[in-house]
Amino acid sequence: MSTGSEIARAEAVGLEAAPSGTPAQPLLQEPGTLAAFWRRLRARKSAVAGLVIVGLLILMAVFAPWIAPYDPTATDWGNVRGAPSLAHPFGGDEVGRDVLSRIIFGARASLGAGLVSVALAVSLGLPLGLLAGYAGGWIDGAISRLTDALLAIPFLILAIALAAFLGPSLVNAMIAIGLSATSTFIRLTRAQVRAVAAEEFVEAARAMGNPPWRIARVHILPNIVPAILVQATLTIAAAIIAEASLSFLGLGQQPPEPSWGAMLNTAKNFMDEAPWMAIWPGLSIFLAVLAFNLFGDGLRDALDPRQRT
Amino acid sequence: MTKPLLDVRDLAVALDTDGGAVHAVNGVSYTLHEGETLGIVGESGSGKSVHVLAMLGLIPRPPGRITGGQVLFEGRDLLGLKERELRKIRGGAIGFVFQDPMSSLNPGMTVAAQIVEPLRIHLGLDARAARARAKELLDLVRIPNAAARLDQYPHEFSGGQRQRVMIAIGLSCRPKLLIADEATTALDVTVQAEIVALVQELKRELGMAIIWITHDLGVVAGISDTVQVMYAGRILERGPVDDIFSDPRNAYTLGLLRSLPDLSGGRAGRRRLHQIEGAPPDMRHLPPGDPFAPRNAYATPRCRSEMPPLAQAPGAAPGHLVAAWYDLPELLSREAAR
């Protein structure tokens, strides 16, 4: 080629031209999409209700010391199995502790277990699923067979076995629940990655000279986040139940620290004399699980690509 | 003649399937010079896409397998390069434009982020410079109000505009060679014409070589300097565009040209469209001779047993190569006399 066209080429593409006066805007911003997602989410009353309840429960857990009327572990001989009253609206338990205060503080164990265990499951499951789905071959085979083996064991049984192995404590219960939920995230991530990796824009990204890790991070990961987010929200609900179950079995939160599951465990001995000991923690678990499920379902609908414009 | 930009020598690609190896590309050789536009035509399965993807290591291996040949790009054999070195060439010295602009752009990334990608990977531009360049590229591909559209998502662009964005990405690092794989196939006819016009203008401005892969002879006629007809993973004919259209020497090329509607009007134009009888061969068990022979009314016994070499067509323009044992012009004139 002649030098003439070489110059014309340079001018037309403008490599040599200084980037003059272009405002330095962030390269990645999402005008419209986030707002549109929020609009779709808000259109679902049940999702909004779920989000509000989740928000209130989290506030309650965070500000427990300021909200709770009593110390959750302080015993009061005058309030042993005390019926609900003005002083103790939710009644008292078998050693006279205020049930309302224990419910409020118990939210920390339940929500904490839900969030921490799912965070653990996602942080393990996402990279492994990404690796399995994108690398393929024997790596995929090894990870997938391990996942199959883990999925063959019922979630709660596995969590109980792990918690028993690790020893009874709230932290160990969180680890046990998180590990038990990991296989779901590996499998979901792998399936999503394989679907997205078959898209033509991934091929185009390869033809553009992107290295594999960059394709995985920039082109595949953001496209699978919605599915992971929905699954995570729904798994939090399951994890809350799992924490309650482990605590009920004495494998989770240890007395005298409150947890909704542990409260149910003691309450079962006093179902006739003091039913309020069981009703309030039971209702709390129900409400928290319902709220996360409603929110998760709404999230799934709002993120559904078929409903995008 | 100067040294060619791209020199493909006897490239062969096979794809392993459960039913045996599919011989997708069977000894393809050609050269492409700087600034030249090569149109490659052929039907599905002719190997036209697979061979360019194979050149750049873009066919998945397995099942894909390069069974032979060399691909010299600026004197370096691409087939011998490591993946890391190939990545520097992909999107850098060789730009790509894919078939479907609807699915070739990442729906979750802004147009700016996607144009900027090769600039940052290959040229190492910082965010600000890359963004400025992205705007210039959108201007270059004639997208109006480019600055405002940088932060939009692909779904906010029309099909033709998305293909313009794809072309901008393909051209972003000033490639020596732009490969367009069925780049206008997914677009409707008026938009196709716009894209073809755009590519012609860009070629005048930037002077890159182009390989334009398509099954649309009309697009090829409008864009190419040289046309190459592929069938069953082989080149059957190749030559200057006007010569191929006016003086086809291979029966397959003739069949393709006759299957085009003639819109020139008048009585002569109102003829039944020709169709090529039969179906493409099973690529797992290719016939020993000319792969088109079983469908070819002009085939000689030798065609069925021995593959004709690609050689200068006698009496045709220089550089007009054909793989045929028969002399098509002579057969046609004899036919006309009868």
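Chain B goes by Peptide ABC transporter ATP-binding protein in an unreviewed UniProt entry, where it is assigned to Methylobacterium oryzae. Here is the UniProt Sequence similarities (unreviewed entry) comment for chain B, exactly as written: "Belongs to the ABC transporter superfamily."

As annotated in an unreviewed UniProt entry, chain A carries the name Diguanylate cyclase and comes from Methylobacterium oryzae. Quoted verbatim from the Sequence similarities (unreviewed entry) field of the UniProt record, the comment on chain A reads "Belongs to the binding-protein-dependent transport system permease family." Per UniProt, chain A has the following entry under Subcellular location (unreviewed entry): "Cell membrane".

A. Structural view of the overall build of chain B. A count of helices and strands for chain B gives 13 helices and 12 strands. The C-alpha atoms of chain B give a radius of gyration of 21 Å, which matches the 20 Å a tight globule of 338 residues would have. Along the three orthogonal principal directions, the C-alpha set of chain B runs to about 70 × 50 × 45 Å. Considering chain B as a whole, with its 338 residues, one finds that 48% of them fall into the buried category. Of the contacts made within chain B by residues no fewer than 6 positions apart, 65% connect residues no fewer than 24 positions apart.

B. Quick look at the sheet that holds strand E5 (residues 76-77) of chain B. All names here are of chain B. In space, the four strands of this open sheet follow the order E2-E1-E4-E5, with antiparallel pairing throughout. Where the open sheet ends on each side, the last strands, each with one partner, are strand E2 (20-32) and E5. Bridging between strand E1 (residues 6-17) and strand E4 (residues 64-73) involves eight bridges; their strand directions are antiparallel. Across the sheet, residue Leu-6 finds its bridge partner in E4, namely Phe-73.

C. Seen up close, the UniProt feature "domain: ABC transporter" (unreviewed entry) in chain B. Per the UniProt record, the feature "domain: ABC transporter" (unreviewed entry) sits at residues 6-257 of chain B. Along residues 6-257 of chain B one finds 38% helix and 28% strand; the C-alpha atoms at either end are 28 Å apart.

D. Representation of helix H9 (residues 200-207) of chain A. Judged by how many residues are buried, H9 of chain A sits mostly within the fold: six of eight residues are covered. Among the residues of H9 of chain A, those classed as buried are Phe-201, Val-202, Ala-204, Ala-205, Arg-206 and Ala-207 of chain A. Against the buried residues of H9 of chain A lie helix H8 (170-197) and helix H10 (212-248) of chain A together with strand E6 (94-97) of chain B. Positive backbone phi, approximately 95°, marks Gly-209 of chain A, located one or two places after H9 of chain A.

E. Structural view of the pairing of strand E9 (residues 226-231) of chain B. All names here are of chain B. With six of six residues buried, E9 is to be regarded as a mostly interior element. With burial as the criterion, each face of E9 is covered, one bearing Thr-226, Gln-228 and Met-230 and the other bearing Val-227, Val-229 and Tyr-231. Where strand E3 (residues 37-41) and E9 come together, four bridges link them in parallel fashion. Paired with Ile-40 across the two strands is Gln-228, which belongs to E9. The pairing of E9 with strand E10 (residues 234-240) spans six bridges and is antiparallel. Bridging across to E10, Val-229 finds its partner in Glu-237. Taking the residues that link successive antiparallel strands as the turn, the E9-E10 hairpin has two residues, and the phi of Ala-232 there is positive, at about 50°.

F. Geometry of the UniProt feature "transmembrane region" (unreviewed entry) in chain A. Residues and elements named next belong to chain A. Per the UniProt entry, the sites bearing "transmembrane region" (unreviewed entry) are residues 47-68, 111-134, 146-165, 171-188, 220-242 and 278-296 in this numbering. Secondary structure within residues 111-134 divides into 100% helix and 0% strand; the distance between the first and last C-alpha atoms comes to 33 Å. Across residues 278-296, the secondary structure splits into 100% helix and 0% strand, with the terminal C-alpha atoms separated by 27 Å.

G. Layout of the sheet that holds E10 of chain B. All names here are of chain B. The sheet built from eight strands is open, its strands ordered E6-E7-E8-E3-E9-E10-E12-E11 with mixed pairing. Pairing within the sheet leaves two strands with one partner each, and these edge strands are E6 and strand E11 (311-312). Taken together, the two bridges between E11 and strand E12 (residues 321-322) define a ladder with antiparallel strand orientation. Within E12, the residue paired with Gln-312 across the bridge is Leu-321.

H. Inspection of the nonpolar core at higher detail. Counting residues in each nonpolar core, the largest one holds 174 residues, and the members touching the most others are Ala-173, Ile-177 and Ala-239 of chain A together with Ala-168, Leu-177 and Ile-211 of chain B. Top element by residues in this core is helix H5 (residues 99-135) of chain A. It accounts for 18 residues. Setting aside residues no more than four positions away along its own chain, Ala-239 of chain A makes contact with Ala-113, Gly-114, Ser-117, Val-118, Ile-177 and Ala-181 of chain A.

I. Inspection of the environment of Leu-178 of chain B at higher detail. All names here are of chain B. Topologically, Leu-178 is positioned in strand E7 (residues 177-181). On the neighbour-count criterion, Leu-178 (23 C-beta atoms within 10 Å) is buried. Counting along the chain gives 144 residues from Leu-178 to Val-322, while the straight-line C-alpha distance between them is 26 Å. Setting aside residues up to four positions removed in sequence, Leu-178 forms contacts with Gly-95, Val-97, Gly-170, Leu-171, Met-208 and Ile-210.

What counts as what
- Residues numbered from 1 in each chain as written.
- Chains lettered and ligands numbered in written order.
- Predicted model: local features only at pLDDT ≥ 70, side-chain atom pairs only at ≥ 80, totals over all residues.
- UniProt positions renumbered as here; feature names shortened; annotations may be inferred.
- Helix = DSSP H or I, 4+ residues; strand = E, 2+ residues; numbered from the N terminus.
- Rg over C-alpha atoms; globule rule 2.2 N^0.38 Å.
- Buried ≥ 20, exposed ≤ 12 C-beta atoms within 10 Å, placed from the backbone.
- Contact = placed C-beta atoms within 7 Å.
- Pairing = 2+ DSSP bridges.
- Core = buried A, V, L, I, M, F, W, Y, C linked by C-beta atoms within 7 Å.

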